[in-house]
Amino acid sequence: VTAEKAGYPHFMLKEIYEQPKAYRDTMNSRLSEKRDRVILPEITMSDEEIRSIRNIQIVACGTAYHAGLVGKMVIERMLRLPVETDVASEYRYRDPLVSRRTLTIVVSQSGETADTLAAMREAKSKGAHVLAITNVVGSTVAREADDVLVTWAGPEIAVASTKAYTSQLIAFYLLGLYMAQVRGSVKQEEIEQTIGAMQSLPEQVESILEQAESIQSYAEQIAVHNNLFFIGRGPDYLVAQEGSLKLKEISYIHSEAYAAGELKHGTLALIEDNVPVIALVTQPALAEKTVSNIKEVKARGGNVLGITCEDSAELQSEFDHTLFIPRTLDMLMPALSVIPLQLISYYASLARGNDVDKPRNLAKSVTVE
Ligand code: G6P
């Protein structure tokens with residue numbers, strides 16, 4: 001078993017460290033030789049069909065749903081088309097508005113999740129074109145979808161998803177760029193800039209992984225708490241939601257992810273002395289507003305870990321603990337900022353003596369509705 005884990009104590013840690021490779025494998029074969037275009041020969045949709053899309057729906061469960069939230073942001077920015085992201089088990093029951101010009105994207109690591117399958121069949125029966133983002137070639141989702149974009153993350157064994165999530169983000173960036181090329185909705189210069197930034201992501205992830213020790217010591221401090229909050233705005237909020245799920249899944253610490261600006265509309269009441277708050281502040285345009293929310297938290301005694309970029313040293317005085325991560329394009333930040341959150345969950349779970357790879361009551365692939 002240790003051999004399978006390649007020397008790592010748990011599959012989850014191994015999979016966290018496999019992310020630079022998963023990014024490269026998912027991305028590199030899909031870039032033109034000159035690295036100026038995304039090429040997706042596996043997509044059967046014609047350019048005409050891509051141009052005729054009127055709305056996009058993303059459906060998934062769990063961590064894949066959180067990737068879908070980032071997907072919505074990416075596609076809306078690049079295509080200027082309305083995108084909705086739904087939890088698969090809700091999508092079916094709301095009589096979703098689907099036309100022949102709807103693209104429904106289903107996201108599933110395993111390709112076997114019952115709710116996701118049911119949602120996919122619903123979309124198909126209503127006439128949508130279905131594109132699957134999955135990690136398993138030949139899975140049910142892959143077989144039934146009209147188009148498949150495989151995430152080349154390799155097998156994911158730990159119940160808590162890490163490299164599958166980040167590979168799904170890469171898949172969304174690629175798909176957004178590809179459809180934007182066809183629709184002409186993003187300037188060539190920006191496409192090249194985004195591809196260039198994406199190619200630096202694996203190395204940037206590696207540099208975050210080098211900080212594992214200090215992340216572990218922070219995780220050990222929060223492991224004694226029973227309540228925790230994640231806050232952020234924009235892309236940071238989307239990542240906060242995934243960070244919170246990860247922590248709950250394996251450490252059993254209750255946590256909530258809040259849009260930073262929404263905190264004062266209720267949950268601020270729960271911030272008491274020493275409650276840990278993890279604040280993501282990676283978006284320059286939103287930083288000032290998030291900092292004012294952090295001040296509200298601190299005024300009530302909250303203990304704040306700020307996760308921000310290396311070029312924002314001036315923010316350090318706002319936090320009790322600071323973790324600097326490399327900067328990339330705003331839209332790509334989730335592919336970096338989630339990494340410390342994965343490590344925090346892992347080390348908090350470890351500190352609590354939990355079975356990291358097999359948390360209680362959870363299954364890797366849920367085949368019941
Ligand atoms: C289960 C797993 C989650 C996963 C979700 C969706 O609940 O515990 O980690 O995100 O299913 O799985 P899928 O294979 O469809 O991505």
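Quick note: structure is the one above.
The shown structure was predicted, so the numbers you read here are calculated from the model rather than taken from an experiment.

J.: Describe in detail the pairing of strand 3 (residues 102–108), supporting the description with residues and values.
T.: Counting buried positions along strand 3 gives six out of seven residues, so the element sits mostly inside the fold. Where strand 1 (residues 55–60) lies against strand 3, six bridges are found, and the strand directions are parallel. Bridge pairing links Gln57 to Thr104 in strand 3. Of the strand pairs in this sheet, strand 3 and strand 4 (residues 129–134) are connected by six bridges, and their pairing is parallel. Within strand 4, the position partnered with Ile105 by the bridge is Leu131. Chirality of the crossover, the property in question, places the unit of strand 3, helix 6 (residues 114–125) and strand 4 among those that are right-handed.

J.: Describe the environment of Ser110, and please don't skip the residues or the numbers.
T.: Among the secondary structure elements, Ser110 is positioned in the loop between strand 3 and helix 6. The buried category is assigned to Ser110, around which 21 C-beta atoms lie within 10 Å. For Ser110 and Glu156, which are 46 residues apart along the polypeptide, the C-alpha to C-alpha distance reads 8.9 Å. Not counting chain neighbours up to four residues away, the residues in contact with Ser110 comprise Val136, Ser139, Lys364 and Ser365.

The rules behind these values
Residues numbered from 1 in each chain as written. Predicted model: local features only at pLDDT ≥ 70, side-chain atom pairs only at ≥ 80, totals over all residues. Buried ≥ 20, exposed ≤ 12 C-beta atoms within 10 Å, placed from the backbone. Helix = DSSP H or I, 4+ residues; strand = E, 2+ residues; numbered from the N terminus. Pairing = 2+ DSSP bridges. Right-handed = clockwise from strand over helix to strand, strands pointing away. Contact = placed C-beta atoms within 7 Å.

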